[in-house]
Structures are given as C-alpha cells and as structure tokens.
Amino acid sequence: VIRDDLTARPPAEAAEAAGAAAGGILIRSLTKSFGGGPRVLDGIDLTVERGQLICLVGPSGSGKSTLLRCVNLLESPDSGMIWVSGMLMGRHFDGHRVRALRPAEYRRQQSRIGMIFQQFNLFPHLTVLENIIEAPLSVRGVPRAEAVARAEELVARVGLAGRERAYPRELSGGQQQRIAIARALAMDPDVLLCDEPTSALDPELVGEVLNVLRDLAASGMTMVVVTHEMSFAREVADRVVFMAEGRIVEEGAPEQMFSHPREERTRNFLRRVL
Ligand code: ADP
Ligand code: MG
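Just so it is clear, the structure is predicted and the values come from calculations on it, not from any experiment. (Residues numbered from 1 in each chain as written. Chains lettered and ligands numbered in written order. Predicted model: local features only at pLDDT ≥ 70, side-chain atom pairs only at ≥ 80, totals over all residues. Heavy atoms only, no water.)

**Student:** Whenever I open this one, the site of ligand 1 confuses me. Can you help?
**Tutor:** With respect to spatial proximity, the complete set of residues near ligand 1 consists of F34, V40, P59, S60, G61, S62, G63, K64, S65 and T66. Here T66 contributes a side-chain N or O atom positioned 2.6 Å from an oxygen atom of ligand 1. Protein coverage of the free-state accessible area of ligand 1, which is 560 Å², stands at 56%. With three residues, the top contributor of residues to the shell around ligand 1 is helix 3 (residues 64-71). (Near = heavy atom within 4 Å. Polar contact = N/O pair within 3.5 Å; in protein donor to acceptor, adjacent residues only side chain to side chain. Areas by Shrake-Rupley, 256 points an atom, 1.4 Å probe, with all protein chains shown as cover. Helix = DSSP H or I, 4+ residues; strand = E, 2+ residues; numbered from the N terminus.)

**Student:** Whenever I open this one, the packing of aromatic side chains confuses me. Can you help?
**Tutor:** When we look at a pair of aromatic rings, we describe it by the centre distance and by the angle of the planes. Scanning all chains against the criterion turns up one aromatic pair. Cation over ring: R183 sits above F123, and NZ or CZ is 5.3 Å from the ring centre. (Phe/Tyr/Trp six-rings, centres within 6.5 Å; stacked < 30°, edge-to-face > 60°. Lys NZ or Arg CZ within 6 Å of the ring centre and 35° of its normal.)

**Student:** Any chance you could explain the sheet that holds strand 1 (residues 25-33) here in plain terms?
**Tutor:** Strand pairing in a sheet takes place through backbone hydrogen bonds and is either antiparallel or parallel in direction. Reading across from one edge, 2-1-4-5 is the order of the four strands in this open sheet, with antiparallel pairing throughout. Looking at strand neighbours, the two that pair on one side only are strand 2 (39-48) and strand 5 (87-88), the edges of this open sheet. The pairing of strand 1 with strand 2 spans seven bridges and is classified as antiparallel. Looking across to strand 2, one finds that S33 is bridged to R39. This element, helix 3, spans strand 1, strand 2 and strand 4 (79-84) of the sheet and lies at about 120° to strand 1. (Pairing = 2+ DSSP bridges. Contact = heavy atoms within 4.5 Å. Axes fitted to C-alpha atoms, helices over the stretch in contact; angles between N-to-C directions.)

**Student:** It is not clear to me how the pairing of strand 3 (residues 53-57) should be interpreted in this structure. Could you clarify?
**Tutor:** Each regular strand carries side chains that alternate between the two faces of the sheet. For strand 3, the tally of buried residues reaches five of five residues, placing the bulk of the element in the interior. Burial along strand 3 is two-sided: the residues L53, C55 and V57 and I54 and L56 are all buried. Taken together, the four bridges between strand 3 and strand 11 (residues 239-244) define a ladder with parallel strand orientation. Across the sheet, V57 pairs through a bridge with F242, a residue of strand 11. (Buried < 20%, exposed > 50% of the residue type's maximum accessible area, 1.4 Å probe, protein only.)

**Student:** Can you help me understand the pattern of salt bridges in this one?
**Tutor:** Think of it this way: side chains of opposite charge can pair up when their charged atoms draw near. One pass over the full model with this rule turns up 13 salt bridges. For the salt bridge of E153 with R150, the shortest nitrogen-to-oxygen distance reads 3.5 Å. Of this pair, E153 and R150 both sit in helix 6 (residues 144-157), three residues apart, which is roughly one turn of that helix. Two residues, E235 and R214, come together in a salt bridge whose shortest N-O distance is 3.0 Å. Of this pair, E235 sits in helix 9 (residues 230-236) while R214 is found in helix 8 (residues 203-218), placing the two residues 21 residues apart along the sequence. Beyond isolated ion pairs, a larger network of salt bridges with shared partners links R39, D42 and R247. (Salt bridge = Lys/Arg side-chain N within 4 Å of Asp/Glu carboxyl O.)

**Student:** I tried to follow the packing of helix 5 (residues 128-140) against helix 7 (residues 173-185) on my own but got confused; where do I start?
**Tutor:** For any two helices packed against each other, the geometry is given by the interaxial angle and the distance between the axes. In contact at an axis separation of 8 Å, helix 5 and helix 7 are set at 30° when each is read in the N-to-C sense. Between helix 5 and helix 7, the interaxial angle falls into the category roughly parallel. Relative to helix 7, the crossing made by helix 5 is right-handed. Across the interface between the two elements, V128, N131 and I132 of helix 5 pack against I179, A182 and R183 of helix 7. A per-class count over the contact of helix 5 with helix 7 returns four nonpolar, one polar and one charged. (Parallel < 35°, antiparallel > 145°, perpendicular 65-115°, else oblique. Left-handed = near helix turned anticlockwise from the far one by under 90°. Nonpolar A, V, L, I, M, F, W, Y, C, P; charged D, E, K, R; others polar.)

**Student:** Looking at this model, I keep getting lost on the sheet that holds strand 8 (residues 113-116). Mind explaining?
**Tutor:** Within the open sheet, the six strands sit side by side as 8-9-10-3-11-12. Their pairing is mixed. Strands with a single pairing partner mark the edges of an open sheet, and in this sheet they are strand 8 and strand 12 (247-252). Taken over all neighbouring pairs, the strand axes of this sheet differ in orientation by 20° on average, direction set aside. Taken strand by strand, helix 3 contacts strand 3, strand 8, strand 9 (191-195), strand 10 (222-226) and strand 11, and its axis lies near 150° from that of strand 9. Strands strand 3, strand 11 and strand 12 of the sheet are contacted by helix 11 (residues 264-273), whose axis makes an angle of about 100° with strand 11.

As structure tokens, this is what we get:
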C-alpha cells in the first residue's frame, strides 16, 4: 500500500521527530476510521518522553484501544505518523514514497513494543516459563538457556518466583496478568502499552498488578496505560491524557487534570468516574 498523504512530509521534519522520540513515542496527525465510517481517531498528536508514564483516560468508544493498537501495528492508520524510540512505525521511505512493511520488518518493529491487554492472553497449554521464553526463542533466536535464565529473573521481578512450572489456569487473574507483564518484558521492549490491564480482575487483585506497573515506571520504562483506576493515575502518571470521540480533549499533570480540569467534557467525565 502506498500512502501518498505521507509523502508530502519534509524529511527534515521526520528526522527531527525521530530524534526527539528516542526512547519515547511520538504521534503526529494520526487518523483512523473503519470501513469508511467516521473517524475513530481524528488527528491525534501525542508525545511521550523516554521514561514517562502516561495514563490515557476517556469514555468507552473514544478510541483509546485503537490508538494503542495503531502504535503496536495491530491496526493500520489512514494517515499520520508514529515513531517509537526514534523508529518510524509501520512504513518506510524507499527514497520517493512511504511504503508498507515487509513481514520481517513488521515483526522487528512490533517486537520493540510490549503490549498488555485486559484479557491476559497467556497460552493455556504452556507453563509460565514456556509462555515467557516463547517469543525470545522464536522471534529473537535467543539461546534457550539464556531465555530461561532471563525468564526466571522476570518471574521473580513480578513476585512469582517458584511458579515457573505452573499453568495459567493454576494462577489467579492477578498472577496471570503479572506473568503477561513478565512475558512482555522478556522481549526487552522500548515501551510498554497497557490497555485496561486491571479491568478483568476481581477488585482484591487489582493492587498487585498496579504495584508491578508502579515498579516498572520507577525503573524508567516508558509506558502508556489506559485505565479507569484514577487513584493510580493520580499517583503514578507523569501526565494524564483525556480522550473523547477520537481526539485528545485535554492533557496535563495529574494534579491539574483532577483538581482543575479546563474542559467541560473532562469535568463531566471525571465527575462520573471519581
Ligand atoms: P475505547 O478503547 O476508548 O473504548 P476503541 O478504540 O475500542 O475505544 O473504539 C473506538 C471506536 O472504534 C468505537 O466506536 C468502536 O466501535 C470502533 N471500532 C474499534 N475497533 C473496530 C473495528 N475493528 N471495526 C469497526 N469498528 C471498530
Ligand atoms: Mg478500549
């Protein structure tokens, strides 16, 4: 697919943007619709600096998941550009035009991004350890012993040392989500995207997953977290971004967003969820 709308971008601007995004995420003029319908993303501009944690909030249907899925190449935008850690995602210049990726490039780009979903998506027939080493072995070609050693480290990091041989069904939802996080980290991603990581959990299990995310944020991981956990956003986010109807309505520091939202729509949303 050749996307002529992208070819007009001057290369200098692209280079500057790529530099600015080293270790972070840069999204410019992103639009997306499904099957000729209305724009689900309608001109998204977002910058996430290296090591920042952004909480993305907004009503159901506002485009939060689609935005993360575009960054992760699970959806293809209609126009606009995305850089992750300085790398232009999803397209490449061939000197004249912007083209779609070849499969190997696609996998290489996607492996730079860790993704955590509401449903943990662990492989049910694989143990905890096998779940974690699967991608490093098959996508990266990491030697097995090295992958296993790293997986054991990561299992310990999410507080589940000793459970390497367990199957997902033997773990609580909170434990499964912590293993899903360990699995994402096993690929050494530049950024971690989390789409409602605690929404499928019983209330008493939410805290243990948020604690793992909090530790990761403290360790300097660049993160975008879609969440309804406003106390988490308030405490941990560097910036809160409020989306409605495919646009970023308002963004700011948590204190400002929760205590002094500027926009009526932000106020209405927060009144309903707080
Ligand atoms: P959010 O995550 O904020 O709830 P989504 O990104 O899931 O919002 O959805 C935004 C809009 O896009 C919704 O109207 C949804 O119905 C629509 N949408 C999402 N994915 C698809 C798809 N694959 N096909 C058609 N419409 C979709
Ligand atoms: Mg969603």
